[in-house]
Amino acid sequence: MASEAHTIVGRATELETVRAFVDSIDRGPAALLISGEAGVGKSIVWREGLRLARDRGCEVQQCRPVESEGHLAFTALSDLLTDVPPSAFDSLPAPQRRALDVALLRAEPDGDEMLPRAVGLAVLGVLRELSIAEPLVIAIDDAHWLDQASRRVLAFAIRRLSHERVGLFVASRADTGEGFLDEIEDADIHVTHLRLGPLQSDELTALLRSRFGDGLTRASVSKLEDTSGGNPMFALHIGRALIERGESSDDSELPIPDSLVELVAERLDGLGNAIAAVQAAAVLSRPCVSLITGLLGPAGEAAVRVAADAECFRSMAIG
Ligand SMILES: Nc1ncnc2c1ncn2[C@@H]1O[C@H](COP(=O)(O)OP(=O)(O)OP(=O)(O)O)[C@@H](O)[C@H]1O
Ligand SMILES: [Mg+2]
């Protein structure tokens with residue numbers, strides 16, 4: 001579903017932030033991180049951002065890492081540089097050029113250990129070269145699945161930008177950490193954090209109507225708004241299941257499709273030990289951070305922090 005090209009509904013303020021970010025690249029390096037829970041609409045805003053950037057004359061290089069390739073070194077970097085013209089590599093010093101070629105599997109390793117620093121410097125050189133003619137946007141969706149080797153060299157290069165017209169445009173799930181952004185935190189570039197919350201109820205209605213027309217009754221739409229908590233992916237999954245079931249849900253339970261069950265299971269998996277903090281909060285009549293932390297012992301503080309970052313407490317009144 002994530003790859004379908006659909007018109008974006010709402011998100012006017014967020015798109016204004018994206019626009020401001022794109023415009024700012026002309027003045028020097030900048031980064032924009034879009035974060036939020038699974039299915040909240042990061043990718044659609046990210047894709048809209050790429051369109052805006054191209055419309056404004058930026059050069060865009062992008063990659064969308066996936067979980068199954070997260071252990072394959074330099075996969076994301078290789079995707080990111082796929083469309084870069086060969087001339088952008090011409091001015092690299094020979095050791096950097098060679099290191100990058102080996103990393104991208106364009107040259108045989110010569111037996112020596114490959115120097116990540118050489119690859120990082122080569123990437124920096126390429127970014128500089130590409131940003132001379134036009135402002136450059138390095139766009140990464142699902143940055144939480146970046147392979148470690150790519151993440152390191154990209155962070156290495158980005159930390160060394162000073163005046164270049166390079167914008168880093170990243171979308172990442174909040175519940176899988178923001179490691180990449182942590183690595184460039186000390187860089188001399190302006191970083192904006194855009195946290196996506198749920199869609200407003202009128203936006204969700206517009207979304208459901210745009211996808212399903214009159215296939216859903218007004219009562220179903222209103223039920224979906226409640227059940228999904230404004231998460232468009234959840235609303236679309238359940239809405240589609242309702243239509244496939246071919247019955248009005250006015251009086252019946254909403255169907256929970258397998259795809260949604262898998263999504264929730266994936267989210268629970270991603271929480272690891274922090275699940276204990278969520279369980280504790282769920283059974284306490286008046287949950288509060290200090291009580292949950294105390295109950296969980298030494299690991300409590302970290303567990304509460306991970307659960308809070310993953311917005312697991314959003315629907316609970318935590319004191
Ligand atoms: N504002 C919106 N307008 C129209 N469709 C939307 C909007 N937000 C989300 N959607 C739709 O909801 C679904 C989920 O959105 P999207 O894939 O962007 O979520 P995501 O946050 O990137 O999810 P994930 O964490 O799984 O990558 C997609 O089908 C997308 O087209
Ligand atoms: Mg996405």
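Read on for an overview of the structure.

Rules and cut-offs
- All residue numbers refer to positions counted from 1 along the written sequence of the respective chain.
- Lettering of chains starts at A and numbering of ligands starts at 1, both following the order in which they are written.
- Owing to the predicted nature of the model, reporting of local features is limited to residues with pLDDT of at least 70; listing and counting of side-chain atom pairs is limited to 80 or more, with chain, interface and lining totals taken over all residues.
- Calculation of side-chain values draws on the structure's entire complement of heavy atoms; hydrogens and water are dropped beforehand.
- A run of H or I in DSSP counts as a helix once it spans at least four residues, and a run of E counts as a strand once it spans at least two, with each numbered from the N terminus.
- Each residue's exposure class comes from its accessible area (1.4 Å probe, protein chains only) as a fraction of the maximum for that residue type: buried when under 20%, exposed when over 50%, partly exposed otherwise.
- Only heavy atoms matter for contacts: two residues are in contact if any of them lie within 4.5 Å across the pair.
- To be clear on the numbers: accessible area is Shrake-Rupley with a 1.4 Å probe, and residue cover counts the displayed protein chains and nothing else.
- A fitted line through C-alpha atoms serves as each axis, taken over the contacting stretch for helices, and the angle formed by two N-to-C directions is quoted from 0 to 180°.
- Reported orientations rely on four angle classes, namely roughly parallel under 35 degrees, roughly antiparallel over 145, roughly perpendicular from 65 to 115, and oblique for the rest.
- Left-handed describes a crossing whose near helix is turned anticlockwise from the far helix by less than a right angle; the clockwise case is right-handed.
- Nonpolar residues are Ala, Val, Leu, Ile, Met, Phe, Trp, Tyr, Cys and Pro. Charged residues are Asp, Glu, Lys and Arg, and all others, Gly as well, are polar.
- In this description, strands pair whenever DSSP reports at least two bridges between them.
- Here, proximity means that at least one heavy atom of the residue falls within 4 Å of the molecule or strand.
- Any pair of nitrogen or oxygen atoms within 3.5 Å is treated as a polar contact; in protein, a donor-acceptor pairing is required on top of that, and neighbouring residues in sequence qualify only through side-chain atoms on both sides.
- As annotated, the domain borders come from an automatic or database domain assignment.

1. Comments concerning the overall build of the protein
When helices and strands are counted, the protein shows 14 helices and 5 strands. Counting every position in the protein, which comprises 319 residues, the buried fraction comes to 47%. Of the contacts made within the protein by residues no fewer than 6 positions apart, 73% connect residues no fewer than 24 positions apart. If you sum the accessible surface of the protein, you get close to 15900 Å²; carbon and sulfur atoms cover 50% of it.

2. A closer look at the packing of helix H8 (residues 201-212) against helix H10 (residues 232-245)
With their axes 11 Å apart at the nearest point, H8 and H10 run at an angle of 40° to one another. With respect to H10, the axis of H8 lies oblique. Every pair of crossing elements has a handedness; the one defined by H8 and H10 is right-handed. Residues Leu204, Leu207, Leu208, Arg211 and Phe212 of H8 lie in contact with H10, whose contacting residues are Pro232, Ala235, Leu236, Gly239, Arg240 and Ile243. In terms of residue class, the contact of H8 with H10 is made up of 8 nonpolar, 1 polar and 2 charged.

3. Remarks on the pairing of strand S3 (residues 136-140)
Burial analysis of S3 places 5 of its 5 residues in the buried class, which makes it a mostly covered element. Neither face of S3 is left uncovered, since the one carrying Leu136, Ile138 and Ile140 and the one carrying Val137 and Ala139 both have all their residues buried. Both strand S2 (residues 59-63) and S3 contribute to a ladder of 5 bridges, which runs parallel. From the neighbouring strand, Glu59 faces S3, where its bridge partner is Leu136.

4. Describing the site of ligand 1
Surveying the vicinity of ligand 1 reveals 22 residues, the closest of which are Val9, Gly39, Lys42, Ser43 and Arg173. Between ligand 1 and the protein, one listed contact pairs a nitrogen atom with a backbone N or O atom of Val9 at 2.7 Å. A distance of 3.0 Å is found between an oxygen atom of ligand 1 and a backbone nitrogen or oxygen belonging to Ile44. Protein chains bury 97% of the 630 Å² of accessible surface belonging to ligand 1 in isolation. The residue inventory of the shell around ligand 1, partitioned by class, reads 12 nonpolar, 4 polar and 6 charged. Structurally, the shell around ligand 1 is a two-domain feature, drawing no fewer than three residues from each of domain 1 (5-195) and domain 2 (201-257).

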